[in-house]
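Close look at the chain arrangement
Here are the chains, one letter per residue:
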Amino acid sequence: MAVQTKVVRLIMAGAVAIALSGCVSVPDAIKGTSPTPQQDLVRVMNAPELYVGQEARFGGKVIDVQNQQGKTRLEIATVPLDSGARPVLGEASRGRIYADVSGFLDPVDFRGQLVTVVGPITGAVQGKIGSTPYKFMTMQVNGYKRWRLAQQVIMPPQPIDPWMWGPHPYRYGYPGWGWYNPGPAQVQTIVTE
């Protein structure tokens, strides 16, 4: 019975995940102009000169914000993006980029935040992470989206009791088919607008 219960839970969780994933779309601010912007940082860093001018979409955590003359440079530790172009929580960094945004962005509003940026790749420059030399991919940002974290409660799936349906449901069910306590609800952190 325990194995059957686990299977039912997995099926229900999968159905919910599929239903929710169908509703995800990329926000207009970071859609870009290309149907498939470059998102493979490792490939770009192997030969950045081949990708100059190609549209890219990257996201992750803003590590540093540098205000410069007429622009703001965001240092982003990139992670994979989901189908809605949101950074995937819990993934290891794929590398760092410098994303140049025209105008002034207040460091207080961006440092430590999750963002997704889109725009053309402009090359690569040498920099440092701490005292270690590092090669950063650079891009000009045409659009960006700052994300926020939220928590949601995930209720465990409830069993379906076939004896409770119909015009004359049995009040207490049939032995082995009644309602049971499936356990506590889980709290999950998600990336949202």
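Above: the structure in question.
Below is a short write-up of the structure. (Residues numbered from 1 in each chain as written. Predicted model: local features only at pLDDT ≥ 70, side-chain atom pairs only at ≥ 80, totals over all residues. Heavy atoms only, no water.)

1. Considerations on the pairing of strand 5 (residues 132–141)
Test applied: Two strands qualify as a pair provided that DSSP identifies no fewer than 2 bridges between them. Helix and strand labels come from DSSP, where a helix needs a run of H or I of at least four residues and a strand needs a run of E of at least two; each type is numbered from the N terminus.
As defined by bridge partners, strand 3 (residues 95–102) adjoins strand 5 across five bridges and the pair is classed as parallel. Its bridge partner being in strand 5, Ile97 is matched across the sheet by Met137. Here eight bridges tie strand 4 (residues 114–129) to strand 5, and the two strands are oriented antiparallel to one another. Of the residues in strand 5, the one forming a bridge with Gly127 is Tyr134. In textbook terms, the turn of a hairpin is the stretch between consecutive antiparallel strands, and for strand 4 and strand 5 this stretch comprises two residues, one of which, Gly130, has a positive phi near 65°.

2. What about the pattern of salt bridges?
A side chain of one charge can pair with a side chain of the opposite charge if their charged atoms are brought near each other. This is how the line gets drawn: The rule for a salt bridge is simple: a side-chain nitrogen of Lys or Arg has to be within 4 Å of a carboxyl oxygen of Asp or Glu. Burial classes follow relative accessibility: with a 1.4 Å probe on protein chains only, a residue under 20% of its type's maximum area counts as buried, one over 50% as exposed, and anything between as partly exposed.
Throughout the structure, instances matching the rule amount to nine salt bridges. Here Asp28 makes a salt bridge to Lys31, at a shortest N to O gap of 3.3 Å. Since its relative accessible area comes to 64%, Asp28 is described here as exposed. Ionic pairing is found between Glu193 and Lys145, a salt bridge with its closest N-O pair at 3.5 Å. Of this pair, Glu193 sits in the segment after strand 7 (186–192) while Lys145 sits in strand 6 (residues 143–154), and the two are 48 residues apart along the sequence. Residue classification places Lys145 among the buried residues on the basis of a relative accessible area of 17%. Among the charged side chains, a salt-bridge network with shared partners connects Lys71, Arg73 and Asp100.

3. Describing the packing of aromatic side chains
Note the following rule: Only rings of Phe, Tyr and Trp enter the pairing, Trp through its six-membered ring, and a pair is recorded when the two centres are within 6.5 Å. The plane angle decides the type: under 30 degrees is stacked, over 60 is edge-to-face, the rest tilted. Lysine and arginine charges are scored as sitting over a ring when NZ or CZ, respectively, is within 6 Å of the ring centre and within 35 degrees of the ring normal.
The final tally for this structure, using the stated rule, is three aromatic pairs. Each ring, one from Tyr98 and one from Phe136, has its centre 4.0 Å from the other, and the planes form 10°; the classification is stacked. Note that Tyr98 is positioned in strand 3 and Phe136 in strand 5, a separation of 38 residues in sequence. Residues Tyr98 and Phe136 agree in their burial class; the two are buried. The ring of Trp147 has Lys145 sitting right over it, with the charged end atom 5.7 Å from the ring centre. Between Arg146 and the ring centre of Phe110, over which it is positioned, the NZ or CZ distance is 5.5 Å.

4. Section: the nonpolar core
Quick reminder of the rule: For our purposes a nonpolar core is just a set of buried Ala, Val, Leu, Ile, Met, Phe, Trp, Tyr and Cys residues, chained together by side-chain atoms within 4.5 Å.
Among the nonpolar cores identified, the biggest contains 20 residues, and Leu74, Ile76, Ile97, Ala99, Val117, Met137 and Met139 are the most heavily contacted of them. Elements with a minimum of two residues in this core: helix 2 (41–46), strand 1 (55–68), strand 2 (71–79), strand 3, strand 4 and strand 5. Here this core gets four residues from one element, more than from any other, and that element is strand 1. Of all hydrophobic cores here, the second largest spans seven residues; its members include Val26, Ile30, Ala85 and Trp147.

5. Looking at the pairing of strand 3
Counting buried positions along strand 3 yields seven of eight residues, so the element is predominantly enclosed. As paired elements, strand 2 and strand 3 share eight bridges and run antiparallel to each other. Along strand 3, the bridge assignment pairs Thr72 with Val101.

Everything listed here is a matter of geometry and, on its own, says nothing about what the molecule does.
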